[in-house]
Amino acid sequence: MTSLSAKDKNTVKTFWAKVAGKEEQIGCDAVSRMLTVYPQTKTYFSHWKDLRPGSAPVRKHGATVMAAVTDAVSKIDDLTGALLSLSGLHAFTLRVDPANFKVLSHNLLVVLSTMFPDDFSPEVHVAVDKFLAAVALALSEKYR
Amino acid sequence: MVEWSENERSIISNIFSNLDYNDIGPKALVRCLIVYPWTQRYFTSFGNLYNAEAISTNPKVAAHGIKVLHGLDRALKNMDNIKATYAELSVLHSEKLHVDPDNFKLLSDCLTIVVAGKLGSAFTPEIQATFQKFLAVVVSALGKQYH
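Residues numbered from 1 in each chain as written. Chains lettered and ligands numbered in written order. Predicted model: local features only at pLDDT ≥ 70, side-chain atom pairs only at ≥ 80, totals over all residues. Heavy atoms only, no water.

Helix and strand content of chain A: seven helices and zero strands. When the helices and strands of chain A are listed from N to C terminus, the series reads α-α-α-α-α-α-α. Taking 144 residues into account, the globule formula puts the C-alpha radius of gyration at 15 Å, and chain A, at 15 Å, falls close to it. Its C-alpha atoms put chain A at 40 × 35 × 20 Å along the principal axes. (Helix = DSSP H or I, 4+ residues; strand = E, 2+ residues; numbered from the N terminus. Rg over C-alpha atoms; globule rule 2.2 N^0.38 Å.)

Structure below.
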């Protein structure tokens, strides 16, 4: 996969400014969709009491994930460095199969499309998709 | 054979009966060509695809987008035998068009995102799951005759 061009980074940052304030809602919706549309992802959350869309643990986890993605936007010039400790967490403790990063990314894109239909143009879509792929790659650094 | 509940059938039927094919078809194909530029390899006869602006306004792309979306009508009418319904189209895509079947998933993801943009919050997780299931079955059927 290609690295992010200056234009890609700019597009992501500009779009993300519009997202500000709605991170929790976006994260919650994305995780809810992931668990519903890809039920195999539920296997990672067997310790939660309630896996339904919009439940308390889903909302909380969505907020956590989105906060990390938003942080990554601000550190877009060095994603590997920015995500080093989260990569360790996912590799050694959580041991999430990296295929699932693509699954969550797809659902994030769906949410962004529902919430920002006029702003989520094809050009913004490709930049954000590339960015999320770069985040996933950085997150996979420590796996092996 | 793929099982469809009454609820799933009704969800799919509702989505398509309220769909503006002339709007959604072009949008889905345009998005696919921009987000996954390697897919442009199949459309060298379409003229100017040099940038997002050109792709978005290309009349051949628009026409083709509508055609492809109507291709889903076959599945709508034959939900209980989608595999057999697409055998002929699968052969076409394999033998004549030489389309890598991985591309079907790319277009289907773009269609999901365009429909999501159109329906907004009405595109609930449950509806998304059913829509993606439907598209996955069609995609699988389209890949079946490749050898």
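Sites flagged by UniProt as "domain: Globin" (unreviewed entry) map to residues 3-144 of chain A. The annotated region residues 3-144 of chain A carries 69% helix and 0% strand content, and the separation between its end C-alpha atoms amounts to 21 Å. (UniProt positions renumbered as here; feature names shortened; annotations may be inferred.)

Next up on the list: the packing of helix H2 (residues 21-35) of chain B against helix H4 (residues 59-70) of chain B. Residue and element names in this part refer to chain B. Between H2 and H4, the least distance of the axes is 7 Å, while the angle of their chain directions is 110 degrees. The angle between the axes of H2 and H4 places the two elements in the roughly perpendicular class. Taking contact as the criterion, the partners of Tyr-21, Asn-22, Ile-24, Gly-25, Pro-26, Leu-29, Val-30 and Leu-33 in H2 are, on H4, Val-61, Ala-62, His-64, Gly-65, Ile-66, Leu-69 and His-70. (Axes fitted to C-alpha atoms, helices over the stretch in contact; angles between N-to-C directions. Parallel < 35°, antiparallel > 145°, perpendicular 65-115°, else oblique. Contact = heavy atoms within 4.5 Å.)

Residue and element names in this part refer to chain A. In total, this model carries 13 aromatic pairs over all chains according to the counting rule given. Relative to Trp-16, the ring of Phe-15 lies with its centre 6.3 Å away and its plane at 70 degrees, an arrangement referred to as edge-to-face. Here Phe-15 matches Trp-16 in class, with each residue buried. Taken together, a centroid distance of 6.3 Å and an interplanar angle of 85 degrees make the contact between Phe-101 and Tyr-143 edge-to-face. (Phe/Tyr/Trp six-rings, centres within 6.5 Å; stacked < 30°, edge-to-face > 60°. Buried < 20%, exposed > 50% of the residue type's maximum accessible area, 1.4 Å probe, protein only.)

Below, the discussion takes up the UniProt feature "domain: Globin" (unreviewed entry) in chain B. Under the UniProt annotation, "domain: Globin" (unreviewed entry) lies at residues 3-147 of chain B. Overall, residues 3-147 of chain B shows 70% helix and 0% strand. The separation of its end C-alpha atoms is 26 Å.

Next up on the list: the pattern of salt bridges. A complete count under the given rule lists twelve salt bridges over all chains for this structure. Between A:Lys18 and A:Asp119 there is a salt bridge; the shortest N-O distance is 3.7 Å. In this pair, A:Lys18 is assigned in helix H1 (residues 6-19) and A:Asp119 in the loop between helix H6 (99-115) and helix H7 (122-139), connecting sequence segments 101 residues apart. Residue classification places A:Lys18 among the partly exposed residues on the basis of a relative accessible area of 39%. Here B:Asp23 makes a salt bridge to B:Lys118, at a shortest N to O gap of 3.4 Å. Taken together, the residues span a long stretch of sequence, with B:Asp23 in helix H2 and B:Lys118 in helix H8 (residues 102-119) at a distance of 95 residues. (Salt bridge = Lys/Arg side-chain N within 4 Å of Asp/Glu carboxyl O.)

Note that A:Val126 resides in helix H7. Residues A:Val126 and A:Asp8, spaced 118 residues apart in sequence, show a C-alpha to C-alpha distance of 8.4 Å. Those residues in contact with A:Val126 that lie beyond four places of it in its chain are B:Ile34 and B:Val35.

It is worth spelling out helix H1 (residues 6-17) of chain B at this point. Residues and elements named next belong to chain B. Taking 1.5 Å as the rise per residue, H1 with twelve residues should run 16 Å; its terminal C-alpha atoms sit 16 Å apart, in good agreement. For H1, every residue scored as buried is listed here: Glu-8, Ile-11, Ile-12, Ile-15 and Phe-16. Considered in projection along H1, the buried side chains sweep an arc of 120 degrees and stay on one side of the axis. Looking at H1, the residues exposed on the side facing more than 90 degrees away from the buried face are Glu-6 and Ser-17. Buried positions along H1 lie against H2, helix H5 (73-77), H8 and helix H9 (125-143). (Expected span 1.5 Å × (residues − 1). Arc of directions from axis to C-beta.)

Looking now at the side chain of A:Ser113. As for its position among the elements, A:Ser113 is in helix H6. Judged by its relative accessible area of 5%, A:Ser113 is buried. In this structure, A:Ser113 is in contact with A:Phe120, B:Ile113, B:Ala116 and B:Gly117, ignoring residues within four places of it in sequence.

Now for the interface of chain A and chain B. Of the residues lining the interface, 19 residues belong to chain A; the matching set on chain B comes to 20 residues. For the pair chain A and chain B, the two sides together bury roughly 1600 Å², of which 63% comes from carbon and sulfur. When residues of chain A are sorted by the area they lose upon contact with chain B, A:Arg33, A:Pro122 and A:His125 head the list and together hold 29% of the total. If you look at where chain A meets chain B, you find zero salt bridges. For the interface between chain A and chain B, the tally reads nine residue pairs in polar contact (both at pLDDT 80 or more). Those elements that place two or more of their residues in the side of chain A that touches chain B are helix H2 (23-37), H6 and H7 of chain A. A per-element tally of the side of chain A that touches chain B places H6(A) first, with six residues. (Buried area = accessible area lost by both parts, 1.4 Å probe. Polar contact = N/O pair within 3.5 Å; in protein donor to acceptor, adjacent residues only side chain to side chain.)

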